[in-house]
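In case you want the letters, here they are:
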Amino acid sequence: MIGIDLGTTYSLISRFTKGEPKLIPNLFGDILTPSVVGVDEANDFLVGKPAKELLSVDPTRAIGLFKRDMGLNRTYSLGGSMYTPVELSSIVLSCLKNDAEMYLEEPVQDVVISVPAYFNDDARVATKMAGELAGLNVMRIINEPTAAALAFGVVKKDEDKTVLVFDLGGGTFDVTVLEIFEGVLEVRASSGKTFLGGEDFTQNLFEWVLKELGRHENDLEKNKKWANKLKAQCEAAKRQLTEADQATLSIPNPSGDENEKMPELVITQQKFREINARLLDQMYSPLNRVLSDSRMSKDSVDEILLVGGASRMRCVQSLIEDYFKQTPSSILHPDHAVACGTCIQAAMLKKDAAVQEIVSTDVSSHTLGVSISRKIGNKHEHGYFMPIIDRNTTLPVSRVEEVATIEMGQTSITVDVYQGESRKIENNHLLGEFKVEGIPPRLAGEEVVAIRFTYDLNGVLEVEATILSTNKSKS
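In this text the structure is predicted, and so the values were computed from the model without any measurement.

> Is there a simple way to think about the overall build of the protein in this case?
From N to C terminus, the protein includes twelve helices and 28 strands. For 475 residues, the compact-globule estimate of 2.2 N^0.38 gives 23 Å, and the C-alpha radius of gyration of the protein, at 24 Å, lies within 12% of that figure. Expressed along its principal axes, the backbone C-alpha trace of the protein runs to roughly 85 × 55 × 50 Å. Classification of the 475 residues of the protein by burial places 52% in the buried group. Summing over all exposed atoms, the protein offers an accessible surface of approximately 21,800 Å²; the carbon and sulfur share of this is 45%. Counting 51 positive and 68 negative side-chain charges, the protein places the averaged centre of each group 3 Å from the other.

> Whenever I open this one, the side chain of Thr466 confuses me. Can you help?
Relative to the helices and strands, Thr466 is located in strand E27 (residues 461-467). In terms of polar contacts, Thr466 uses its side chain to reach the side chain of Ser473, at 2.8 Å. Among all residues touching Thr466, those that are not within four sequence positions of it are Val448, Val449, Ala450, Asn471, Lys472 and Ser473.

> Honestly, the nonpolar core in this entry has me stumped. Any pointers?
Among soluble globular proteins, nonpolar side chains are generally buried collectively. Ranked by internal contacts, the top residues of the largest apolar core, which has 46 residues, are Leu164, Phe166, Phe201, Leu205, Met283 and Val316. Excluding residues within four positions of it along the chain, Phe166 makes contact with Phe173, Asp174, Met283, Leu287, Leu305, Leu306, Val307, Val316 and Ile320. One finds Ile24, Val39, Ile113 and Leu136 within the second-largest nonpolar core, a separate group that totals 35 residues.

> Help me understand the sheet that holds strand E12 (residues 161-168) in this model?
Through backbone hydrogen bonds, the strands of a sheet pair up, either in parallel or in antiparallel fashion. With mixed pairing, the five strands of this open sheet are ordered in space as E17-E12-E13-E14-E18. The open sheet has two edge strands with one neighbour each: strand E17 (303-307) and strand E18 (359-360). When E12 meets E17, the two strands line up parallel, connected through five bridges. Its bridge partner lying in E17, Val165 is registered against Leu305. Helix H10 (residues 284-293) rests against E12, strand E13 (173-181) and strand E14 (184-193) of the sheet, and its axis sits at about 145° to E14.

> Please explain the state of the cysteines as it appears in this structure.
Following the criterion strictly, the structure yields zero disulfides and no others. The thiol sulfur of Cys95 is not disulfide-bonded, and the nearest other cysteine sulfur, from Cys343, lies at 19 Å. With no disulfide partner, Cys340 has as its closest neighbouring cysteine sulfur the one in Cys343, 5.9 Å distant. Residue class for Cys340 comes out buried when judged on its relative accessible area of 14%.

Basis of the calculations
Per chain, residues are indexed from 1 in the order of the written sequence. The predicted nature of this model means local features are confined to residues of pLDDT at least 70 and side-chain atom pairs, given and counted, to a pLDDT of 80 or more, with totals for whole chains, interfaces and linings taken over all residues. For the side-chain quantities, the full set of heavy atoms in the structure was used; hydrogens and water were omitted. By definition, any uninterrupted DSSP run of H or I lasting at least four residues is a helix, any uninterrupted run of E lasting at least two residues is a strand, and each is numbered from the N terminus. For the radius of gyration, the atom set is restricted to C-alpha positions; the globular benchmark scales as 2.2 Å times the number of residues to the power 0.38. Only protein chains enter the accessibility calculation, which uses a 1.4 Å probe; a residue whose area is less than 20% of its type maximum is buried, one above 50% is exposed, and one in between is partly exposed. Using a 1.4 Å probe, accessible areas were evaluated by the Shrake-Rupley method; residue-level cover was limited to the displayed protein chains. Positive charge is attributed to Lys and Arg, negative charge to Asp and Glu, and no charge count is given to His or to the chain ends. Lys charges are placed at NZ, Arg charges at CZ, Asp charges at CG and Glu charges at CD. Distance and chemistry together define a polar contact, namely a pair of N or O atoms within 3.5 Å, with one atom able to donate a hydrogen and the other to accept it when in protein, and with adjacent residues in sequence counting only for side-chain atoms on both sides. The contact criterion used is simple: two residues touch if any of their non-hydrogen atoms lie within 4.5 Å. Here, nonpolar core means buried Ala, Val, Leu, Ile, Met, Phe, Trp, Tyr and Cys residues that are tied together by side-chain atoms lying within 4.5 Å of each other. Should DSSP find at least two bridges between two strands, the strands are regarded as paired. To obtain each axis, a line is fitted to C-alpha atoms, and for helices this fit is confined to the stretch in contact; angles are then taken between N-to-C directions over 0 to 180 degrees. Pairs of cysteine sulfur atoms within 2.5 Å are identified as disulfides in what follows.

Everything listed is a geometric property; what it means functionally is a separate question.
Here it is, written out as structure tokens:
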């Protein structure tokens with residue numbers, strides 16, 4: 001069994017062997033595989049490094065960042081065909097599967113795949129579908145911060161402490177508080193933002209450079225190749241700023257003439273912080289929420305674990321140090337921690353003796369419930385949200401709430417399943433719906449339907465409705 005960190009910008013493979021996690025290199029000998037899919041002139045798929053190189057020279061034949069749209073009804077055009085985020089992710093997973101099989105010299109089927117803690121139910125189901133489409137048997141979907149915490153817990157399994165996992169990847173931001181005691185990793189709370197990551201910092205720098213150059217969106221449409229090269233330079237400058245006080249950004253020539261000298265821009269740490277001030281400010285809300293939900297103060301956090309390549313940015317580390325008044329831990333490699341944790345989870349599922357004393361729990365990242373009507377005065381008003389499973393409830397969990405008919409002779413109800421924190425459904429996310437029919441026609445309020453929500457360890461939701469008078473169920 002292997003573990004896969006299916007990332008927004010990079011993906012990794014791992015396997016637990018000889019009592020420790022081991023990262024598996026891809027066909028090119030690299031640990032990190034770019035999460036990019038392309039097609040060559042013969043319409044054969046390219047994945048990883050060659051696809052990323054193709055993206056820079058012909059953006060119409062390669063695609064990246066599709067993980068952000070997992071669970072959404074979106075399609076991408078590639079080589080004259082349309083692909084969903086699930087299909088593109090399955091192509092990446094299939095490539096990783098093949099790389100693992102070549103390296104291990106044995107078939108690979110069972111897998112643990114990581115997802116952002118703040119992924120909703122649709123995105124989790126989509127991730128599992130992508131794995132199955134790639135010919136993998138997805139044994140567990142694990143939250144990225146929990147996976148990183150497992151890797152941390154294996155290293156420091158004899159220590160009891162409260163750990164905050166700060167996970168800033170290429171496309172998503174998660175923050176999780178957990179307690180480690182006597183080999184048990186108990187997640188207390190998780191929060192985050194699905195659309196906040198290192199790519200957003202690169203995009204802000206890119207847009208700032210365009211303004212400095214006096215360029216407009218129309219210029220980008222006319223010369224997509226130049227725009228991609230410029231964005232690659234912005235990414236390189238961002239990475240340079242993780243180590244240096246300033247970075248020099250080379251502007252590519254729009255005409256393609258490499259002999260014609262173009263201007264260079266110097267980006268200082270201060271300027272980079274100013275450009276991304278709004279993104280940095282967005283991190284405070286999840287930090288405050290996760291501490292509030294776990295009923296802990298900043299001083300209660302014993303150690304801060306940085307996860308995700310974007311967490312290496314100095315402006316991010318400064319934010320953390322200012323907020324908690326302590327220096328984050330550097331015991332794990334930010335890019336490798338999640339992948340290592342996925343194979344540790346795989347080893348736990350296989351009951352490997354090396355991890356038999358480790359136990360982990362996880363929580364639901366969102367509140368889940370249904371749409372109901374409330375009686376206000378002499379009439380019923382629709383559109384209210386009735387929570388059934390509150391956010392940060394320990395998984396697995398099964399909860400039941402009852403609803404009653406509101407009209408005389410009512411023979412059916414529609415169960416609308418939502419996720420969110422607002423009391424009105426218009427502000428929450430619709431996960432799905434189904435109709436329960438065959439309710440005996442009686443007076444309003446006399447027939448009751450029990451709605452059961454079951455949330456498993458993968459963070460995948462099952463909903464069942466039962467008419468209590470007939471014991472007839474539908475899910």
